[in-house]
Number of protein chains: 2
Amino acid sequence: MKKTIGPAETKYFQLPGSLLLDNNDSLHEGTIAYETYGQLNKAADNAILICHALSGDAHAAGFHAGASKPGWWEIMIGPGKAIDTNRYFVVCSNILGSCMGTSGPSSLNPATGLAYGLKFPVITIADMVKAQKQLIDFLAIPRLLAVIGGSIGGMQSLEWTIRYPEMVFSAILLATTQRHSALAIAFNEVARQAIMADPNWQAGDYYQGTKPDMGLAVARMIGHITYLSDEAMRHKFGRRLQDKEDFSFNFDADFQVESYLRYQGKKFVERFDANSFLYITKAADYFDLAPRPRADGSLKSPFSRARARYLVASFTSDWLYPTRESRAMVKAMKKNSLDVSFCEIEAKWGHDAFLLESERLSNLMSGFLDRMGRESQDYAL
Amino acid sequence: MKKTIGPAETKYFQLPGSLLLDNNDSLHEGTIAYETYGQLNKAADNAILICHALSGDAHAAGFHAGASKPGWWEIMIGPGKAIDTNRYFVVCSNILGSCMGTSGPSSLNPATGLAYGLKFPVITIADMVKAQKQLIDFLAIPRLLAVIGGSIGGMQSLEWTIRYPEMVFSAILLATTQRHSALAIAFNEVARQAIMADPNWQAGDYYQGTKPDMGLAVARMIGHITYLSDEAMRHKFGRRLQDKEDFSFNFDADFQVESYLRYQGKKFVERFDANSFLYITKAADYFDLAPRPRADGSLKSPFSRARARYLVASFTSDWLYPTRESRAMVKAMKKNSLDVSFCEIEAKWGHDAFLLESERLSNLMSGFLDRMGRESQDYAL
């Protein structure tokens, strides 16, 4: 039986100085919540950074004291698992803009002593990565063996390889895209509108009062439709009724899919901040490796800067970031003569497949990391 | 140049007696709003019924007095058009549960003298068809040459052929399904949740106060995503910004797709009732030709009752009612030895394609109707 890393603990890192953001604003006195598993070796060349998706946190594996549920990627991270904590030093940090310990709109604004609300600067995926870079520097990791992430975590991983090419030996990009599509933006925008339509939202200034739970629940339900996909819903729910023999002929939940969505919405508001949902989805919508001139003003393919080896995996039933988009990304990498492995994984469960148990994915990842461990020896730090 | 039928006028038909509904409730003193174009011939065998989709109305063609915009299917209905008003007597009625003249939750409840709100009975597609049947009887039409509809209008057309097989010579089913999928239910449910989350909704009892416009706007935006599809959005919007050179770094609409959705939401609340949205989407979710025993208790294929000739058309980019579902329907028809023509039309614009100008669709429909006009002569009334 595979083992767990056991007890895990979230630590907090104060960002030194101010963090200059893409909107030319600065974040002052920022905090990054993070966890680490395994040991950094003497050569400091066995570190892996895990980047989480929209609603994730720093707690990727193991169990917090007294908790019955492990971290969000327990199936993948641990002794003998694909991301083997006996071999690798694994770091996972909560993203900027979130509400799980890292600075975000629900954090205290040092300028006012009150929660930021919409005074928190609008951030980008690159800003999240800049904050992570400070943490990696603090942990005295000169180069990451791999950066790994799915969905919005994949965007961060991708950004790492472009922004800090010398610091990333490889990257594993799961169910992600190099450019947020109109469809993905549309879903996010409607979800944001649902939050902003909630009168309790109060232009983001609700921390002293009632939270916009109704709006956030609807936003989450919209998200869940995109995570599941048509095929997943057919398999999971079909037209089955929820605890009844016939239609209710009222506006209760008749179908299992309705109950499921309502439950997901309700559960989510207990643990997530509505403003964080706004900020993180906006960062995802802004994400596009190509069009804005990068720091050096270059309009060349962003991959001309990259040096990493890539493993890219998409999932057949993922309609949010479909295989087509992964292929476009892989094509751009290959045009830049990069070392890239691509795999489309047969999966019923839509976008969320990257979070689910999959022998195929585990084997792909452990094999790739194995190779990276060997090959990185030829590129001494 | 193709001509219009010119002035059009909505008329109102009082349902005689009570209408027994699928939920075993009855609708008392119901009204049906309808329009007619062209002339019923002496044989009374040239009548075509048009069934509209979610937010449509009885005004399918021509111009109301003083109006600058024609009816919603002007491109298809008129002299010399696919549904040729020189040849056919065309009827279009507003569906039960709507808010465009036919009885619905915003109508006055004769029992109280106030708007029904949620006291309006929860209806089904079959109930809409039962009401239409009363109108067709009133118009002294013994048999419809064709029933035509797209989306929810297609469901009504399909239901007509099963419920009143002797009264329907043929049916044209566009962008529709014989069974609402889990995905389609999921979208509708989240849209309903958005409405019901609006505090102005007041459990449906808002007609004396402020309308739940915010919730209804979000619901409409969700709908618009499903009408457009991934491909349509890529063609129509891509990642183009709305009237700006760079990101706003706030929660305004940055992208054209965001502006489009916001505009659609805002425009919709001016003309549509939130409760009607709840009722009609629920009717669509309930729609399934197969599983509930029909009136005669039969569990055989519902198509075993059908006698109509069918033209079924799906659209390549329609992800709400994808071609797969049309094919399943066509297969079931063929198993029952029915006369069915099927066509998948190449279209970029997603589900809404059936409402857009398409020479292919026009030709298909006029050809089919032509054939039906000839063949129906062999089946005297």
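Whatever comes next refers back to the structure up there.
Position numbers for residues count from 1 along each chain, tracking the sequence in the order it is written. Labels follow written order: the first chain is A, the first ligand is 1, and so on. Selection of residues for local features in this predicted model requires a pLDDT of at least 70, selection of side-chain atom pairs for listing and counting requires 80 or more, and totals for whole chains, interfaces and linings are taken over all residues. Side-chain figures throughout are based on the complete set of non-hydrogen atoms in the structure, without hydrogens or water.

Colleague: Now, about the overall build of chain A: what can you tell me, with residues and values included?
Modeller: Labels follow the DSSP assignment, with helices taken as runs of H or I lasting at least four residues and strands as runs of E lasting at least two, numbered in each case from the N terminus. Along its length, chain A carries 8 helices and 12 strands. Note that the radius of gyration is over C-alpha atoms, with the globule rule given as 2.2 Å times the number of residues to the power 0.38. Compactness check: chain A gives a C-alpha radius of gyration of 21 Å against a globular reference of 21 Å for 381 residues, within 12% of the reference. Think of it in three bands: residues with accessible area under 20% of the maximum for their type are buried, residues over 50% are exposed, and the middle band is partly exposed, with areas taken using a 1.4 Å probe on protein chains only. Considering chain A as a whole, with its 381 residues, one finds that 63% of them fall into the buried category. Here, two residues are considered to be in contact whenever any of their heavy atoms come within 4.5 Å of each other. Of the contacts formed within chain A by residues at least 6 apart in sequence, a portion of 73% connects residues at least 24 apart. Residue exposure ignores everything except the shown protein chains as possible cover, and the areas themselves are Shrake-Rupley values with a 1.4 Å probe. Counting every atom, chain A has about 14,600 Å² of accessible surface; 50% of that belongs to carbon and sulfur.

Colleague: Before we move on, could you go through the interface of chain B and chain A and cite the residues and values that matter?
Modeller: Each partner contributes to the interface: chain B provides 55 residues, whereas chain A provides 55 residues. Summed over both partners, the interface of chain B with chain A comes to about 5,000 Å²; 72% of that surface belongs to carbon and sulfur atoms. In terms of surface lost to chain A, no three residues of chain B exceed B:R239, B:F249 and B:F251, which account for 18% of the buried area on that side. One side-chain nitrogen of Lys or Arg within 4 Å of one carboxyl oxygen of Asp or Glu is enough to make a salt bridge. When the shortest N-O distance is used, the salt bridge between A:D254 and B:K282 registers 2.7 Å. Under the rule applied, a polar contact is a pair of N or O atoms within 3.5 Å (in protein, one hydrogen donor and one hydrogen acceptor; residues adjacent in sequence only if both atoms are side-chain atoms). Between chain B and chain A we count 23 residue pairs in polar contact (both at pLDDT 80 or more) in total. Put simply, the parts of the chain that give the side of chain B that touches chain A at least two residues each are α3 (182-196), α4 (213-236), α5 (256-269) and α6 (274-286) of chain B. Counting residues per element, the side of chain B that touches chain A draws most heavily on α3(B), which supplies 11 residues. Lys, Arg, Asp and Glu make up the charged group, whereas Ala, Val, Leu, Ile, Met, Phe, Trp, Tyr, Cys and Pro make up the nonpolar group; the residues left over, Gly among them, are polar. When the residues that make up the side of chain B that touches chain A are grouped by side-chain class, the tally is 31 nonpolar, 7 polar and 17 charged. Summed over both partners, the accessible surface that disappears when two parts come together, traced with a 1.4 Å probe, is what is meant by buried area.

Colleague: If you had to explain the sheet that holds strand β9 (residues 146-150) of chain B to someone new, which residues and values would you point to?
Modeller: All names here are of chain B. At least two bridges found by DSSP between two strands is the condition for calling them paired. The sheet built from 8 strands is open, its strands ordered β1-β4-β8-β5-β9-β10-β11-β12 with mixed pairing. Edge positions in the sheet fall to β1 (11-14) and β12 (340-345), since each of these pairs with one other strand and no more. Taken over all neighbouring pairs, the strand axes of this sheet differ in orientation by 20° on average, direction set aside. Where strand β4 (residues 31-37) lies against strand β8 (residues 89-93), 4 bridges are found, and the strand directions are antiparallel. In the sheet register, Y37 faces β8, and the bridge partner there is V90. Note on geometry: axes are lines fitted to C-alpha atoms, helical ones only across the stretch in contact, with angles between N-to-C directions running from 0 to 180 degrees. Sitting on the sheet, helix α2 (residues 152-163) is in contact with β5 (47-51), β9, β10 (170-174) and β11 (309-315), with an inclination near 150° to β9. Contacts from helix α8 (residues 359-375) reach β5, β9, β10, β11 and β12 within the one sheet, and its direction differs from that of β11 by about 175°.

Colleague: Give me unusual backbone geometry: which residues, what numbers.
Modeller: The phi angle at A:E29 is positive, at roughly 50°, despite the residue not being glycine. Along the chain, A:E29 falls in the loop between β3 (26-27) and β4 (31-37). A positive phi is found at B:A203, a non-glycine position, where the angle reads about 50°. Turning to its location among the elements, B:A203 is positioned in the loop between α3 and α4.

Colleague: Tell me about the nonpolar core, residues and numbers included.
Modeller: Nonpolar cores were defined as sets of buried Ala, Val, Leu, Ile, Met, Phe, Trp, Tyr and Cys residues, with membership established by side-chain atoms within 4.5 Å. A:F303, A:Y310, B:F303 and B:Y310 are the most contacted members of the largest nonpolar core, which has 198 residues in total. By residue number, the principal contributor to this core is helix α3 (residues 182-197) of chain A, which donates 12 residues. The contacts of B:F303, once residues within four sequence positions are left out, are B:L158, B:I162, B:Q178, B:L289, B:Y310, B:M329, B:A332, B:M333, B:N336 and B:L338.

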